[in-house]
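# Architecture and fold: a report
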Amino acid sequence: MNTKMNKRQTLCFLISLFLTNIAVMADMVIIPAANGLYETFENPAAINFILSGPSFIMLFSAMLCGKVMEYLSKKIILIGAMILFAVSAIFGGMIESVSYLLTMRVLVGISMGFVNAAAMALIAEIYVDEGKRGSIMGIFNAAMAGTGAIMSLVAGIFATESWQAVFRVYWVAVPVIVMMILFIPKTAPERQSSSENAGEENTDKSYLIHQIMLMVSCFAYNLIYAIIYYQVAVLVAEQGYGNESVAGLLSTLGTVGSCILCILFGTIYGKLKRATIIFGYAGLCLSYLMLYMAAGPVMAGIACMLCGASYGYGFSYFFMRCTVVVPEKKISSSISLTTAIGGFGMFLSTYACTAIQNLLNITGIARILPLAITAAGIGAVLSVICTVMDRKHPSDLYTEQQ
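For clarity, every value in this text was computed on a predicted model and none was experimentally measured.

Attention now moves to the packing of helix 7 (residues 98-126) against helix 15 (residues 331-360). Helix 15 packs onto helix 7 with a crossing angle of 145 degrees between their chain directions and a minimal axis gap of 9 Å. Handedness of the crossing formed by helix 7 with helix 15: right-handed. Of helix 15, the residues touching helix 7 (which contributes Gly113, Asn116, Ala117, Met120, Ala121 and Ala124) are Ile331, Ser332, Ile335, Ser336 and Thr339. Taken together, the residues of the contact of helix 7 with helix 15 sort by class into six nonpolar, five polar and no charged.

Here is the structure:
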């Protein structure tokens, strides 16, 4: 650990950092209201962006965060981003206007990218040991899933009143900001830190091929998962499983599954390393198969829990792996890139669904699921191949050298 803290300080720091997931999981609040939004505005393209647009905006704000971290402390970045989130999220549904909703959701996306990238980079900076870092990242992502589960469940209840009512959930961001001010340690900007530890410049760029492959996989994984993540409310209505509260419950089950696997991630990754992601893709494939075959909400709920578990597992893998396939001084920028690529995959999912529906002249989400099953299966096979290749050309070479 780079920053010296006693047990009480460490606990308060981790709780405060984990609660920043309120911003990262902001979409879990609006998802149960998706069907209501589509019915109210009858503008599918605009609603697609309202639902998944913040993930697209994250592509830019996360990349920008990597640069900003060179000049500002991660604490300042986190607090500033959370304040922006609180304002834009709490008042996001104040006016029943598509243009207003789009504007506020753009601001939410900006804050999400900064919060996620800065929080992960702070963990990587404070926890130098790879094993400890993997455990803390897994617990952080478990907290992300748990936070999302609670937010989705509460939002599902509010959504039965109206789609505007779900925005009340975001008021929880206010006390979190106070905790961040009090308990998150202020670290030096990365440019200052690197100048103090200046050494011989490493010109070896062989890590880039591993990083590129990791980013391609991260993009595909997020794209596949987000099909059900964003449109579970649409599937519930389409299949006649129930109302918005059922959609909120299915989203909650997904995040519960994610929470469990994230807690176990540190142990699993310690044993499997590069092979970890094989089981993530296999889990996505199986969960979509179960969802396609589901005859009622019970089996759909089990499938959503497995799907969420697979995503939390894969999400932890990509953020852990992106810190070990690059040189130490590239870790923060690698985390920012991973945040951006993952967000881009999430964003494109709703548009990919619409494009597939238009191309195949089909409607609904259920008829898209066979394509998701195929894509996840291909991902699992390619991961096996890449893991075998990795034995000859280890992608975590820099970790071994440090």
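Turning next to the packing of aromatic side chains. Here a ring pair, both rings aromatic, is described through the centre-centre distance and the interplanar angle of the planes. Scanning all chains against the criterion turns up 22 aromatic pairs. Aromatic pair Tyr221 and Tyr281: ring centres 4.9 Å apart, planes at 75 degrees, arrangement edge-to-face. Note that Tyr221 is positioned in helix 11 (residues 207-239) and Tyr281 in helix 13 (residues 276-293), a separation of 60 residues in sequence. Tyr281 carries the same exposure label as Tyr221, and that label is buried.

At Lys273, a position not held by glycine, the phi torsion is positive, near 50 degrees. For Lys273, a relative accessible area of 30% corresponds to the partly exposed category. In this structure, Asn361 takes a positive phi of about 55 degrees despite not being glycine.

Counting 131 residues, the largest nonpolar core has Phe85 and Tyr288 as the members making the most contacts within it. By residue number, the principal contributor to this core is helix 11, which donates 17 residues. Not counting the four nearest positions on each side in its chain, Phe85 is found in contact with Ile22, Ala23, Ala26, Ile90, Val108, Ser111, Tyr170 and Ala173.

Before going further, it helps to examine the pattern of salt bridges. Counted by the stated rule, this structure contains five salt bridges. Among the ionic pairs, Asp27 bridges to Arg105, the shortest N-O distance being 2.6 Å. A residue pair is termed long-range when its members are at least 10 positions apart, and Asp27 in helix 3 (residues 27-30) and Arg105 in helix 7 qualify at 78 residues. For Asp27, a relative accessible area of 2% gives the class buried.

On to helix 12 (residues 244-272). In a regular helix each residue adds 1.5 Å, so 29 residues correspond to 42 Å; helix 12 covers 39 Å between its end C-alpha atoms and thus fits that length. Of the residues one or two after helix 12, Lys273 is the one with positive phi, at around 50 degrees.

A separate point is the side chain of Ser349. Within the secondary structure layout, Ser349 lies in helix 15. For Ser349, the contacting residues outside a window of four places in its chain are Leu223, Ala226, Ile227 and Tyr230.

Across its 30 residues, helix 8 (residues 130-159) extends 42 Å between first and last C-alpha, which sits within 8% of the 44 Å expected from 1.5 Å per residue. Near the N-terminus of helix 8, the side chain that reaches the backbone nitrogen of Lys132, with its oxygen 2.9 Å away, is that of Asp129.

Reading the values: rules and limits
Residues numbered from 1 in each chain as written. Predicted model: local features only at pLDDT ≥ 70, side-chain atom pairs only at ≥ 80, totals over all residues. Heavy atoms only, no water. Axes fitted to C-alpha atoms, helices over the stretch in contact; angles between N-to-C directions. Helix = DSSP H or I, 4+ residues; strand = E, 2+ residues; numbered from the N terminus. Left-handed = near helix turned anticlockwise from the far one by under 90°. Contact = heavy atoms within 4.5 Å. Nonpolar A, V, L, I, M, F, W, Y, C, P; charged D, E, K, R; others polar. Phe/Tyr/Trp six-rings, centres within 6.5 Å; stacked < 30°, edge-to-face > 60°. Buried < 20%, exposed > 50% of the residue type's maximum accessible area, 1.4 Å probe, protein only. Core = buried A, V, L, I, M, F, W, Y, C linked by side-chain atoms within 4.5 Å. Salt bridge = Lys/Arg side-chain N within 4 Å of Asp/Glu carboxyl O. Expected span 1.5 Å × (residues − 1). Polar contact = N/O pair within 3.5 Å; in protein donor to acceptor, adjacent residues only side chain to side chain.

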